[in-house]
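# Fold and contact review
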There are 2 protein chains.
Amino acid sequence: MRSAEATLSEIIGAAGAHVPRLLALVEERLVLLAAGHGPVLAEHAGETIAAGGKRMRPLLVVLAAGPHAGRERELVAAAAAVELIHSATLVHDDVLDGARLRRGAPTVWARAGRDVAVATGDLLFSRAFSELTAVGSLAAVRSLSRATSALAEGELLQRQDAWNGSVAIERYLLRCELKTARLFQAACEMGAQVARLSTSQIAELGGFGRGIGLAFQLLDDVLDVAGPASLTGKHRGTDLLDGTVTLPLILARERDARLAAVDLRTITTPAAAEQLCESIEQTGALRESQARALQIVAEAKLALDGLPLENGQRRALNLVADSVAERTA
Amino acid sequence: MRSAEATLSEIIGAAGAHVPRLLALVEERLVLLAAGHGPVLAEHAGETIAAGGKRMRPLLVVLAAGPHAGRERELVAAAAAVELIHSATLVHDDVLDGARLRRGAPTVWARAGRDVAVATGDLLFSRAFSELTAVGSLAAVRSLSRATSALAEGELLQRQDAWNGSVAIERYLLRCELKTARLFQAACEMGAQVARLSTSQIAELGGFGRGIGLAFQLLDDVLDVAGPASLTGKHRGTDLLDGTVTLPLILARERDARLAAVDLRTITTPAAAEQLCESIEQTGALRESQARALQIVAEAKLALDGLPLENGQRRALNLVADSVAERTA
């Protein structure tokens, strides 16, 4: 299994030199946006943005556009906007979850409290739409605002379904689509929009993004149950302790009556969560969840075949899909 | 002094029949937007939106545009979008303030908890930008996203300045501008944009909006100290109990050394807040705060003189300014 860094360098190698250049410009732009709005935003939003992460969404914007020089300003703005939305949701999610750490660093909520964290998230949201106007495309505003609405709807669904062990698979998948897949979709759509692709091509690239976003979330949920902690950086079953019912548990409940009888509210310690994860794994539910995710990735890759992409671009998008399928943290 | 309803009907009478028709369409649109996004949003956002308020911002959109039939869809979208942003900030403000009631009804925070309230606010924000794409103008997206960034920056400033009795007047005014005036400005700008006014006219109408928004906030802060509770629906000095230092206290501290020595953290009961309000009033600080607000309104009205407005439109905008100057609740 390749490391995330190795995969990223393969992707960049396949796509061409414009990709690292654009991604560097996106980083510069994000730093500038964080610094340009007073000391409080500079501190809190800056650290959130700097804490970074994989920049999957900006990468998708750039790759979906293909090697179209001359529209760099628009691409960088679209990529920065989608990353700002992602950062905003992380800040608000940490408020909702009461999470003290993210990627090993204290969250805004932990550092500065609920009030500052809510306002910082709001500011990042707003800045995303300001930045988006530099793309010069109402279609881009439409794509991103739809995705942002979906994110919030997904968050509401998740709260509504909390502790409900008997939630249906379809409902779980809808939640994953809203919470994760739609923003991946918007990233691909915006890249395709900047590249002036046709409406149907924009929709197909959006579908690719939605698919790998969905798989990304499914595999994230598998990792939460599978661990090990040494790899994921958190103990197994944090979702279960939060009352978040994910695919492994849903499938495991169908296979094991004892698991179906477990009331999640009685699982209150990391040790109990670990034991439940073990029981889920023994049903084979993790393997089935993973297989479903890989099937979704395979379908997303197939959808690329019908698109008139440049060779390096096609290879790079396929590698992104592979990197999602192979994700281990 | 005229009642708010009487003033509104005067404004509508002056501006012409298109205004009530458009405002009714805005209401319909808001109901539709609240209903169209699943039961959770329908419930929480719906009640927030329905709880209504004065619809000052949609009114400004419509009045700034003037009687331009044929662009109703754009105007309604811009007016609905600005009201959605306003609703979103109310939902988040109630989370930050831990406010159980707004206009006599339980807040989303009180009904459904912090998590649902944060997500509901996020959803209203997102829906505002989706709705805005129907205006078909990137300038409108720019206006509203700038105002929304300002709102969040203002909220951050207010948290930063909490309990700081020695905050400077300029800093207080900046906070009012960010928290309130900029959204009024955006409302006027968007109306003027839909009406295809010139860049300088858009800016001047925006300046009018900013001025009356600033006065609106100053007078809001005066009312919090002045009361009486029977008129405002809340006890005197709620801002002081929250640690929010406003103009009356800033001015009173300059005039009365005993007030300058008060540590706001020691004011913890409604009775103590009431007594502090009484002391502030005795310094004449309320009258001076009010005089400053009225001066700002007068300047905003003067700015209208240079604009080529239709007669009814001019009269109506002047009446809106008067209604702000005369506000009593």
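Refer to the structure printed above.
Reading the values: the criteria
Residues numbered from 1 in each chain as written. Chains lettered and ligands numbered in written order. Predicted model: local features only at pLDDT ≥ 70, side-chain atom pairs only at ≥ 80, totals over all residues. Helix = DSSP H or I, 4+ residues; strand = E, 2+ residues; numbered from the N terminus. Expected span 1.5 Å × (residues − 1). Buried ≥ 20, exposed ≤ 12 C-beta atoms within 10 Å, placed from the backbone. Contact = placed C-beta atoms within 7 Å. Least-squares fit on C-alpha atoms with pLDDT ≥ 70 in both. Core = buried A, V, L, I, M, F, W, Y, C linked by C-beta atoms within 7 Å. Domains from an automatic or database assignment. Axes fitted to C-alpha atoms, helices over the stretch in contact; angles between N-to-C directions. Parallel < 35°, antiparallel > 145°, perpendicular 65-115°, else oblique. Left-handed = near helix turned anticlockwise from the far one by under 90°. Nonpolar A, V, L, I, M, F, W, Y, C, P; charged D, E, K, R; others polar.

Below, the discussion takes up helix H7 (residues 138-161) of chain A. Residues and elements named next belong to chain A. Taking 1.5 Å of rise per residue, 24 residues should cover 34 Å, and H7 covers 34 Å from first to last C-alpha, within 8% of that figure. Counting buried residues along H7, 19 of its 24 residues qualify, which places the element largely inside the surrounding structure. Note on H7: the residue one or two positions beyond its end, Trp 163, has a positive phi of about 70°.

So, on to the environment of Arg71(B). Residue and element names in this part refer to chain B. Within the secondary structure, Arg 71 is located in the loop between helix H4 (56-65) and helix H5 (72-97). Residue class for Arg 71 comes out partly exposed when judged on the 15 C-beta atoms lying within 10 Å of it. Sequence separation of Arg 71 and Ala 195 is 124 residues, and the distance between their C-alpha atoms is 7.9 Å.

In this section: the interface of chain A and chain B. Taken together, the contact between chain A and chain B spans 33 residues of the former and 33 residues of the latter. It is H7(A) that contributes the most residues to the side of chain A that touches chain B, 13 residues altogether.

Once that is clear, we can look at the relation of the copies chain A and chain B. Placing chain A over chain B gives an RMSD of 0.0 Å and needs a rotation angle of 180°, together with 0.0 Å of translation along the axis. These values place the two chain copies in the arrangement generated by a two-fold rotation axis. Among all residues of chain A, the one whose C-alpha sits closest to the rotation axis is Leu138(A), at a distance of 3.3 Å. A high fraction, 100%, of the interface residues of chain A reappear at the interface in chain B, so the copies pair face to face through one surface.

Ranked by internal contacts, the top residues of the largest apolar core, which has 217 residues, are Ala78(A) and Ala78(B). Two domains each provide a minimum of three residues to this core, namely domain 1 (10-136) and domain 2 (137-307) of chain B. Apart from residues lying up to four places away in sequence, Ala78(B) is in contact with Val61(B), Leu132(B), Val135(B), Ala140(B), Met190(B), Gly191(B) and Val194(B).

Next up on the list: the packing of helix H9 (residues 199-226) of chain A against helix H16 (residues 311-325) of chain A. A pair of packed helices can be characterised by two numbers: the angle between their axes and the separation between those axes. Residues and elements named next belong to chain A. It is at 9 Å that the axes of H9 and H16 come closest, and there the two elements cross at 20°. As far as their axial angle goes, H16 and H9 are roughly parallel. Considering only the axes of H9 and H16, their crossing is left-handed. Together, Phe 208, Ile 212, Ala 215, Phe 216 and Leu 219 of H9 and Leu 317, Val 320, Ala 321, Val 324 and Ala 325 of H16 make up the contact between the two elements. Here the contact of H9 with H16 is built from residues that sort into 10 nonpolar, no polar and no charged.

Worth remembering: the numbers are spatial, not functional.
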